[in-house]
Amino acid sequence: MDMSDIAARGLVLLGCGKMGSAMLAGWLEGGLPASSVSVIDPYPSDWLQDTGVLINQSLPASPAIVLIAVKPQMMGAALPNLQLLGGGGTLFISVAAGTSIATFEDILGAGTPIVRAMPNTPAAIRRGITAIIGNDTASAIDLDGAELLLSAVGQVVRLDSETQMDAVTGVSGSGPAYVFHLIETLAAAGEAQGLPAELAMQLAKATVAGAGALAEAAEENPSQLRVNVTSPNGTTQAALEVLMDEGDGFPTLLNRAVGAATNRSKELSRG
Ligand SMILES: NC(=O)c1ccc[n+]([C@@H]2O[C@H](COP(=O)([O-])OP(=O)(O)OC[C@H]3O[C@@H](n4cnc5c(N)ncnc54)[C@H](OP(=O)(O)O)[C@@H]3O)[C@@H](O)[C@H]2O)c1
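Being a predicted model, the structure only gives us computed values, none of them experimental.

A.B. asks: So what's going on with the nonpolar core? Which residues, and what values?
C.D. replies: Core analysis: the largest hydrophobic core is formed by 35 residues, its most contacted members being Met 23, Leu 24, Trp 27, Leu 67 and Ile 93. At the level of secondary structure, the elements contributing two or more residues to this core comprise β1 (11–14), α2 (18–29), β2 (37–40), β4 (65–68), β5 (91–94), β6 (114–118) and α6 (140–151). Ranked by residues supplied to this core, first place goes to α2 with five residues. Not counting chain neighbours up to four residues away, the residues in contact with Leu 24 comprise Leu 13, Cys 16, Val 37, Val 39, Trp 47, Leu 48 and Val 53. With 15 residues, the next largest nonpolar core counts Leu 14, Ala 78, Leu 79 and Leu 82 among its residues.

A.B. asks: I'd like to hear about the site of the ligand, residue by residue, with values.
C.D. replies: The ligand sits among 21 residues. The nearest are Lys 18, Met 19, Asp 41, Val 70 and Ala 97. Gly 17 has a polar backbone atom sitting 3.5 Å from an oxygen atom of the ligand. The fraction of the free accessible surface of the ligand (870 Å²) that becomes covered by protein chains is 77%. Split into classes, the residues belonging to the shell around the ligand amount to 15 nonpolar, three polar and three charged.

A.B. asks: If you had to explain the UniProt feature "domain: Pyrroline-5-carboxylate reductase dimerisation" (unreviewed entry) in the chain to someone new, which residues and values would you point to?
C.D. replies: Within this structure's numbering, the places UniProt gives as "domain: Pyrroline-5-carboxylate reductase dimerisation" (unreviewed entry) are residues 162–268. Between the end C-alpha atoms of residues 162–268 there is a gap of 14 Å, over a span that is 79% helix and 0% strand.

A.B. asks: For unusual backbone geometry, give the residues involved together with the corresponding values.
C.D. replies: One non-glycine residue with positive phi stands out, namely Asn 56, at about 50 degrees. Judged by its relative accessible area of 40%, Asn 56 falls in the partly exposed class. For Arg 126, which is not a glycine, the phi torsion comes out positive at approximately 60 degrees. Mapped onto the secondary structure, Arg 126 falls in the loop between β6 and β7 (128–134).

A.B. asks: For the packing of helix α7 (residues 164–173) against helix α8 (residues 175–192), give the residues involved together with the corresponding values.
C.D. replies: Taken N-terminus to C-terminus, the directions of α7 and α8 make an angle of 30 degrees; their axes are 5 Å apart at the nearest point. It follows that α7 is roughly parallel to α8 by the angle criterion. Side by side, α7 and α8 meet where Gly 170, Val 171, Ser 172 and Gly 173 of the first sit next to Gly 175, Pro 176 and Tyr 178 of the second. By residue class, the composition of the contact of α7 with α8 is three nonpolar, four polar and no charged.

Definitions and limits used
Residues numbered from 1 in each chain as written. Predicted model: local features only at pLDDT ≥ 70, side-chain atom pairs only at ≥ 80, totals over all residues. Heavy atoms only, no water. Core = buried A, V, L, I, M, F, W, Y, C linked by side-chain atoms within 4.5 Å. Buried < 20%, exposed > 50% of the residue type's maximum accessible area, 1.4 Å probe, protein only. Helix = DSSP H or I, 4+ residues; strand = E, 2+ residues; numbered from the N terminus. Contact = heavy atoms within 4.5 Å. Near = heavy atom within 4 Å. Polar contact = N/O pair within 3.5 Å; in protein donor to acceptor, adjacent residues only side chain to side chain. Areas by Shrake-Rupley, 256 points an atom, 1.4 Å probe, with all protein chains shown as cover. Nonpolar A, V, L, I, M, F, W, Y, C, P; charged D, E, K, R; others polar. UniProt positions renumbered as here; feature names shortened; annotations may be inferred. Axes fitted to C-alpha atoms, helices over the stretch in contact; angles between N-to-C directions. Parallel < 35°, antiparallel > 145°, perpendicular 65-115°, else oblique.

Here you go:
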């Protein structure tokens, strides 16, 4: 399967909210023709209507891929619309947090190839990362097809086991929110030190974006990059002594935050 096969047979997107539209934006920017995408969503946004995709129209008989991007709580209402496509040569990909492959097999049939995926919203600018794992029916070709589609919006990694998906959700699925919060709080801290709000936000955004890009591009690991910023007894050291505090510093806080997200993903999968 390549992008022209997906374009020829069609791609169905069930649910076009924040994650669905982030991925759709990336696919369209990457050259997928809007006319090959059918979206099902009860209240299409103005942005969606301007893309030129088919919205709430009859679906292709055997689309290459159906991508499910509704909230886990909406799954029961949304999935029966697609039951007819199960077992008919269509690959199903779900990005729903905490919704197991077994849940989809119950509705679509175990003979349906299903890939569970966890993307993140930087997919909107094709800088996302998505972890995938298939069910037993999903062939190497199906997994390659899922990887192809999802790699159009960023990196793709394959998991060894579905149980890893909860922690992946806690790290990279929810992770952009932690980084956006870091930007918000870094800017607010700059304001507290007397900077104008706009300047503080510009500094915070550029610092996070630049440090992220450097972490990806550099040969050194992030620990060494941190050391490179830290002059002995200088300003960074003074800040890191606060941030790296064993009691209530960054490591403790992030451990708790990622643990809470991971546990919530496990809870969602228990229903
Ligand atoms: N947001 C993220 O960063 C992120 C990252 C990874 C995975 N995910 C997963 O992606 C899924 C969607 O999350 P989201 O943040 O994009 O939520 P969202 O913004 O609420 O998007 C869900 C969309 O599905 C629509 N919808 C509701 N019922 C439907 C139905 N019966 N048929 C078709 N569409 C229906 C919703 O319409 P209404 O708004 O009108 O109800 C909404 O547009 C979730 O399962 C989530 O776990 C999200």
